[in-house]
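Commentary on secondary and tertiary structure
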Amino acid sequence: MAQKTTQAATPQAGARLTAALKGAALSALVMAGLAFPILAYRTEQNFSNELTLVSRWPTFGLAVLAAFVLRFLILAAPRRPRPDRKAAATPERAALMAKLRFAAGALGLVALFVFPLAAVWLLGPAGALKWIDNFGVQILLYVLLGWGLNIVVGLAGLLDLGYVAFYAVGAYAYALLATGLGWSFWICLPVGALAAAAFGVALGLPVLRLRGDYLAIVTLAFGEIIRLVLTNWTAVTNGDAGISSIPRLTFFGVPFVAGPNGFAALFGLKFAAVHRLIFLFYLILALALFVNFLTLRLRRAPLGRAFEALREDEIACRSLGLNTVAIKLCAFALGASVAGAAGVLFAARQNFVSPSSFTFMESATILALVVLGGAGSQLGVAFAAIVIIGGSELLRELDALQAVFGADFDPTQYRMLLVGLGMVAMMNWRPRGLVALRRPTIFLNSARHARGVLAGEGRG
């Protein structure tokens, strides 16, 4: 019996390897066609200021070989049988998973609160500046942006490719109000969120009847329109030169400066520039946790369930009597308000804003966080932000690779390439994201018969 099973498995394995070789060869051919005009040749200027073509056939061959090998491994790997989720979903297992999620969340929160203090303790105030800013503040900003877009894309199912426009509205609202009218950060933070929400409603009104690809194209155009307005309205925005000298963040009116009136003197500390970054880190963390709390509560509220109904089937949602116009506008306004608040925090961090900070690539990066993390999953978006944004910043620290690939090698130029490879890998192994979560918040475990008035209306 075992011999017959082995003989039957051998032809199947051979057929799988043959199909894997054919698929890998096809992928290598496609890669060769795509990479030839990009990798095979490179233009360089000679001493006569003339453009010359320099061949890079080893790089081209390496890309084609990598495509062949990766595709072959994907196709040749044996398919594991999918486990029976209903059989595995026992009450004991559900309780264990709930405890593990709670423990992981608590551990993550503790790590976040300890991170800036540990960085200062290990590296000193000067050495911790870069790590708190690049690996703390920046990642948390993208987590906040990802959670805001998750309301629009993950809960309501509205594809938004111009989300960076609301980010820009919040940043420029703070820059203009603080430099022109002298408003403080604490006043501009809610004002920036409200201004972005107003722009979200302005975007939602013209696209109420659009869905899918058409909605994506219109939102993409909206983001580009905002960027072009910021570039060309020089009388207000100063064009490509941007707005500088934006007032720095204060501790509820107490500035982070050296002297008797500064933050350090107020608490009896030695002045260090890292104090402002630590406060900004905890401020963004508090705002992100607040947005997460509201989103989780929203999922259980009638509005959140209306978002889910709109995401699953707009026609059925409308047939049930739900006002899809108001639902879409609420989704755009809520998501945009989070982006506006993040824009104010971005301007307070940079003390300078310009249109170059709000390109389509930023929208694509934020959308990649939602797609890779899992639409509708707060935890997945946070993981994706740590991997993509933290990985991008980590590439800046890999200068040692220049000894391998040459002095002209810049690891940061390959950031989007790694993001693209990650997207391809996710589409193959986990197409619904790292932490897929798209089940309804409230559902019936078993059929229930309607009684009384509902049965008389034909709902039994």
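As shown above, the structure is provided for reference.
Residues numbered from 1 in each chain as written. Predicted model: local features only at pLDDT ≥ 70, side-chain atom pairs only at ≥ 80, totals over all residues. Heavy atoms only, no water.

Okay, the nonpolar core next. Ranked by size, the top nonpolar core spans 98 residues in total, and within it Tyr-174, Phe-185, Leu-345 and Val-353 carry the most contacts. In contact with Leu-345, not counting residues within four places along its chain, are Leu-141, Leu-144, Phe-185, Leu-280, Leu-283, Ile-284 and Leu-287. One finds Ala-28, Ala-35, Ala-40 and Val-64 within the second-largest nonpolar core, a separate group that totals six residues. (Core = buried A, V, L, I, M, F, W, Y, C linked by side-chain atoms within 4.5 Å. Buried < 20%, exposed > 50% of the residue type's maximum accessible area, 1.4 Å probe, protein only. Contact = heavy atoms within 4.5 Å.)

Each pair of packed helices can be described by the angle between their axes along with the distance between the axes. It is at 8 Å that the axes of helix H14 (residues 360-373) and helix H15 (residues 378-395) come closest, and there the two elements cross at 125°. Taken together, the axis directions place H14 and H15 in an arrangement best described as oblique. Viewed along their axes, H14 and H15 form a crossing whose handedness is right-handed. Contact with H14, carried on its side by Thr-365, Ala-368, Leu-369, Val-370, Leu-372 and Gly-373, involves Gly-380, Val-381, Ala-384, Ala-385, Ile-388 and Ile-389 of H15 and no other residues of that element. In the contact of H14 with H15, the residues fall into nine nonpolar, three polar and no charged. (Axes fitted to C-alpha atoms, helices over the stretch in contact; angles between N-to-C directions. Helix = DSSP H or I, 4+ residues; strand = E, 2+ residues; numbered from the N terminus. Parallel < 35°, antiparallel > 145°, perpendicular 65-115°, else oblique. Left-handed = near helix turned anticlockwise from the far one by under 90°. Nonpolar A, V, L, I, M, F, W, Y, C, P; charged D, E, K, R; others polar.)

Bringing the environment of Phe-332 into the picture now. With respect to the helices and strands, the residue Phe-332 is situated in helix H13 (residues 324-350). Look at Phe-332 and you get buried, because its relative accessible area is 2%. As a C-alpha pair, Phe-332 and Gly-148 span 184 residues in sequence and 9.6 Å in three-dimensional space. Setting aside residues up to four positions removed in sequence, Phe-332 forms contacts with Val-152, Leu-158, Asp-160, Gly-200, Leu-203, Gly-204, Val-207 and Leu-215.

With that out of the way, let us pick up the pattern of salt bridges. This structure, assessed with the given rule, holds four salt bridges. The partner of Glu-224 in a salt bridge is Arg-227, with the nearest N and O atoms 2.9 Å apart. Taken together, the residues span about one helical turn, with Glu-224 and Arg-227 both in helix H7 (residues 212-232) at a distance of three residues. Owing to a relative accessible area of 24%, Glu-224 belongs among the partly exposed residues under this scheme. Arg-311 is paired through a salt bridge with Glu-312; the nearest N and O atoms lie 3.0 Å apart. Looking at Arg-311, the relative accessible area reads 10%, which means it is buried. (Salt bridge = Lys/Arg side-chain N within 4 Å of Asp/Glu carboxyl O.)

Turning our eyes to something else, we now look at the packing of aromatic side chains. Scanning all chains against the criterion turns up 28 aromatic pairs. Their ring planes at 85° and their centres at 6.2 Å tell us that Phe-36 and Phe-60 sit as a pair that is edge-to-face. With Phe-36 in helix H1 (residues 2-40) and Phe-60 in helix H2 (residues 57-76), this residue pair connects regions lying 24 residues apart in the sequence. You can call Phe-60 buried: its relative accessible area is 13%. With a centroid separation of 6.1 Å and 20° between ring planes, the pair formed by Phe-113 and Tyr-282 is classed as stacked. Of the two residues, Phe-113 is situated in helix H4 (residues 91-155) and Tyr-282 in helix H10 (residues 274-300); the sequence distance between them amounts to 169 residues. For Phe-113, a relative accessible area of 41% gives the class partly exposed. (Phe/Tyr/Trp six-rings, centres within 6.5 Å; stacked < 30°, edge-to-face > 60°.)

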